[in-house]
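# Examination of the molecular architecture
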Amino acid sequence: WEEWKRAVRGEVTRGAPVAAAPAATVPPVVPKLVAAEGLEIGFGTARQLFTAGPGSAAELDGDNGMRWSYEYRKKDWAWMVRDIGAAVPATTQSMKLRLRSDRPGTLFVQLEEKSGQTFFAMIEPREVWTDVSVELRSVQPDPAKRKDGVLHPERLTKLLVADPAGRDDATGRRTVWIQNWR
């Protein structure tokens, strides 16, 4: 739980090195803009992966995909975080991604603006590939970090994905696959 709170505050620290994680001296990769679709988060290179929290790893998987594997830790969240690295168009209305999971369970997606204001949505991966759309007008502001309560896509700087099931005493491992995040 303490590790999760540090991640939400932006005080992310790496535990044991993750093989696919970028070196600290490597500048972030700027995601490419996709015509008429906004910003593509993409997972084409290891430098584009999320930074995974303790007990987890993010690795490239297939065409523009990422595999996030983690072990549930009692009373703790599994999480991964990534800087967006480029301006999201102000006209962006949704985020779209394709995902699946080897076991059921809700994931928490947090969007952070430059001001520190955060918003969240819940998504439910299935055991088969599913296209998911998160409508930005439906994301909820985090009451603890609320400024004006309005999401401004052009101000987004960071994405965080988390699984709260460890907090509820889940045990074992989980793997989530994500592709084509736009």
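I will try to describe carefully the structure that is included in this document.

The rules we used
- Residues numbered from 1 in each chain as written.
- Predicted model: local features only at pLDDT ≥ 70, side-chain atom pairs only at ≥ 80, totals over all residues.
- Heavy atoms only, no water.
- Phe/Tyr/Trp six-rings, centres within 6.5 Å; stacked < 30°, edge-to-face > 60°.
- Buried < 20%, exposed > 50% of the residue type's maximum accessible area, 1.4 Å probe, protein only.
- Pairing = 2+ DSSP bridges.
- Helix = DSSP H or I, 4+ residues; strand = E, 2+ residues; numbered from the N terminus.
- Axes fitted to C-alpha atoms, helices over the stretch in contact; angles between N-to-C directions.
- Polar contact = N/O pair within 3.5 Å; in protein donor to acceptor, adjacent residues only side chain to side chain.
- Contact = heavy atoms within 4.5 Å.
- 1 Å grid on protein atoms, 1.4 Å probe; cavity = no way out; pocket = protein on both sides within 12 Å on 5 of 7 lines; lining within 4 Å.
- Points joined across faces, edges and corners; volume = space filled by probe spheres on them.
- Nonpolar A, V, L, I, M, F, W, Y, C, P; charged D, E, K, R; others polar.

## Concerning the packing of aromatic side chains
Within the structure shown, the criterion is met by six aromatic pairs. On the numbers, 4.3 Å between centres and 40° between planes, the contact of Trp68 with Tyr70 is tilted. Side by side, Trp68 and Tyr70 carry an identical accessibility label, which is buried. Summarising the aromatic geometry, the rings of Tyr70 and Tyr72 are spaced 5.6 Å apart at their centres and angled 90° between planes, so their arrangement reads as edge-to-face. As far as the burial class goes, Tyr70 and Tyr72 line up, both buried.

## Focus: the sheet that holds strand β10 (residues 130-135)
Judged by pairing direction, the sheet is antiparallel, and its five strands sit side by side in the order β4-β5-β13-β7-β10 without closing on themselves. With one partner strand each, in any of the chains shown, β4 (56-60) and β10 form the two edges of the open sheet. Here the strands of the sheet are splayed against their neighbours by 25° on average, with no regard to which way each runs. Relative to strand β13 (residues 173-179), strand β5 (residues 65-71) runs antiparallel, the two being bridged by seven bridges. Paired with Trp68 across the two strands is Val176, which belongs to β13.

## Quick notes on the side chain of Gln48
For Gln48, the location among the structural elements is in the loop between β2 (38-39) and β3 (51-52). Reaching out from Gln48, the side chain makes a polar contact with the backbone nitrogen of Gly44 at a distance of 2.5 Å.

## Quick notes on the side chain of Ser101
If you trace the backbone, Ser101 turns up in strand β7 (residues 94-101). With a relative accessible area of 1%, Ser101 lands in the buried category. Of the polar contacts made by the side chain of Ser101, one reaches the side chain of Arg174; its length is 2.8 Å. Ignoring sequence-local partners within four residues, the contact set of Ser101 consists of Pro125, Arg126, Glu127, Arg174, Thr175, Val176 and Trp177.

## Topic: the environment of Glu112
Mapped onto the elements, Glu112 comes out in strand β8 (residues 107-113). It is 5.6 Å that separates the C-alpha atoms of Glu112 and Leu156, two residues lying 44 residues apart in sequence.

## Some thoughts on empty space enclosed by the protein
Under the counting rule described, the total for this entry stands at two cavities of 30 Å³ or more. Put simply, the largest cavity is a space of about 50 Å³. The wall of the largest cavity is formed by Pro54, Glu71, Tyr72, Arg73, Asp76, Trp77, Ala78 and Gly166. Here the residues of the lining of the largest cavity are counted per class, giving four nonpolar, one polar and three charged.

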